[in-house]
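A structural walkthrough
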Amino acid sequence: MTLFDALDLALAAIVLGLAAWTIAAREVFSAVVGYVAYGLLLAIVWVRLYAPDVALMEAAIGSGVTGVLLVAASTRLGRLPKAEAPPGAALKIAAAALSLIVAGLLAAAVLYLPDPAPSLAPEADKDLAATGLGNAVTAVLIAYRSFDTMLEKVVLVLAVVGVWSVAPDRFWGGAPAPLGPAAPEAALVFLARILAPIGIVIGVQMFWVGADDPGGAFQGGAILAAMWIIVMMARLAEPPRIGSGWLRLALVSGPAVFLLVGLAGPLMAGSFFAFPAGFAKPLILFIEAFMVLSIALTLPLLVAGPPSREAGP
Amino acid sequence: MSLAVDLFSLLAIGAGVFFFLAGTVALLRFPDSLSRLHALTKSDNLGLGLVVLGLLPRAGTPLSALKLIVLWGLVQLSSASVAQLVGAALRRRGAAE
């Protein structure tokens, strides 16, 4: 057993232990903190599996943005009146059994993979030159399986619509509640002022290098989203009115531009979602730029929640 | 030359790991939240700084060396700010005494 094997085993043991601790935690907030730490450790696991793109994704979205969402949700739950009756033993056992079956099936699926496991990596690498990209993951997302990625973006927009739709009628078109108290901590305002400009540069850079290196629209967009969230938490900016036409246009711009380019495919390159030869890379980056915009808006709007103020004049 | 560089990296990273270890021990052993916070921020900043220092000669290009330093600066900024925020939250809750 080499040193790296021992480190990997220790890492796996910590991840499993933390997962068990998170499930067993009694306080909602402790469970959320456990989940965030679990996500960061999982990112290290992805690095050890030579999947830096997934690792960035896990750290930024799986751990970071989802963590903020869960903290916001637990704060909101705390303000609600207590549920009348906790779930009974039968429901708990049923939920545990369902989770065990799903986990068991997943484990069996992984353990019974043939050795070497089936891989499409050589196929993905073979035609990489035609896309003009250097990162096979980006090529899979935006070129080979572009339709799937476009539908994922639609799902994100639908999630925002779902959150907005729980607003009472009189608040429709108004703004969500501010993300922080009226007088935020000076340290938070300082952090937001210094970090946000740096984070915007890093987010855009991560999207840009995604064409050839680990990174891409999701990771870059998630960092930009985090910057907007921290600026709103420091009350340097307020959540926008959801009735704003510009906001809605920017929200749907990612999937819309993607779909338009896809529909232009039959004219330019002979089939739906095909890119013309030699012009693939600029088109891919063009689509991704709008996806970054959509993602950077979607995630903070999910955190901000449904509108809770009148639309105003 | 390369031996000296290796030795330098080894010493700096080793010292950095020592500070991380000390900070973690303090986190587990210190009696109240404010002293735990104090120990953690100090040792983590110094620990990470030394690890970055040790990695600098191994960064292939000046750009990646610069990235390492920026990384350290960002961690400094966020950990110092978050320590202030946690401290303020503790004071508000009256748990600081």
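What you are looking at is a predicted structure, and each value in this text was computed from that prediction instead of being measured. In every chain, residue numbers begin from 1 and rise along the written sequence. Chains carry letters and ligands carry numbers; both start at the beginning, A for chains and 1 for ligands, and go up in the order they are written. Side-chain atom pairs in this predicted model are given and counted only at pLDDT of 80 or more, local residue features only at pLDDT of at least 70, and totals for whole chains, interfaces and linings cover all residues.

Some points on the overall build of chain B
This is how the line gets drawn: Secondary structure elements follow DSSP: runs of H or I no shorter than four residues count as helices, runs of E no shorter than two count as strands, and numbering proceeds from the N terminus. Three exposure classes are used. Buried residues have 20 or more other C-beta atoms within 10 Å of their own C-beta, exposed residues have 12 or fewer, and partly exposed residues fall in between, all C-beta atoms being placed from the backbone. The contact criterion used here is simple: two residues whose C-beta atoms, placed from the backbone, lie within 7 Å are in contact.
Along the backbone of chain B there are three helices and zero strands. The order of α-helices and β-strands along chain B, N terminus first, is α-α-α. In terms of overall dimensions, chain B has C-alpha extents of about 55 × 25 × 10 Å along its principal axes. Across the 97 residues in chain B, those meeting the buried criterion constitute 10%. In chain B, once contacts between residues fewer than 6 apart in sequence are set aside, the share between residues at least 24 apart is 62%.

Remarks on the interface of chain B and chain A
Definition in use: Gly is placed with the polar residues, together with every amino acid not listed as nonpolar (Ala, Val, Leu, Ile, Met, Phe, Trp, Tyr, Cys and Pro) or charged (Asp, Glu, Lys and Arg).
Counting from both sides, the interface comprises six residues of chain B and, opposite them, seven residues of chain A. Class assignment of the residues belonging to the side of chain B that touches chain A gives a composition of three nonpolar, three polar and no charged.

A word on the nonpolar core
Where a protein is soluble and globular, its nonpolar side chains tend to be buried together. Residues and elements named next belong to chain A. For clarity, the threshold we go by: Joined through C-beta atoms within 7 Å, a set of buried Ala, Val, Leu, Ile, Met, Phe, Trp, Tyr and Cys residues constitutes a nonpolar core. Domain delimitation follows an automatic or database domain assignment.
If you look at the biggest cluster of nonpolar residues, it comprises 63 residues, and the most contacted ones within it are Ala222, Ala225, Ile229, Ile230, Ile287 and Ile295. Where this core is concerned, the elements lending two or more residues are helix 2 (28-48), helix 3 (52-79), helix 7 (136-144), helix 8 (146-164), helix 9 (186-209), helix 10 (217-233), helix 11 (245-268) and helix 12 (280-304). Looking at which domains feed residues into this core, each of domain 1 (1-79) and domain 2 (119-313) supplies at least three. The residues touching alanine 225, leaving out its near neighbours within four places in the chain, are Val65, Ile295, Ala296, Leu299 and Pro300.

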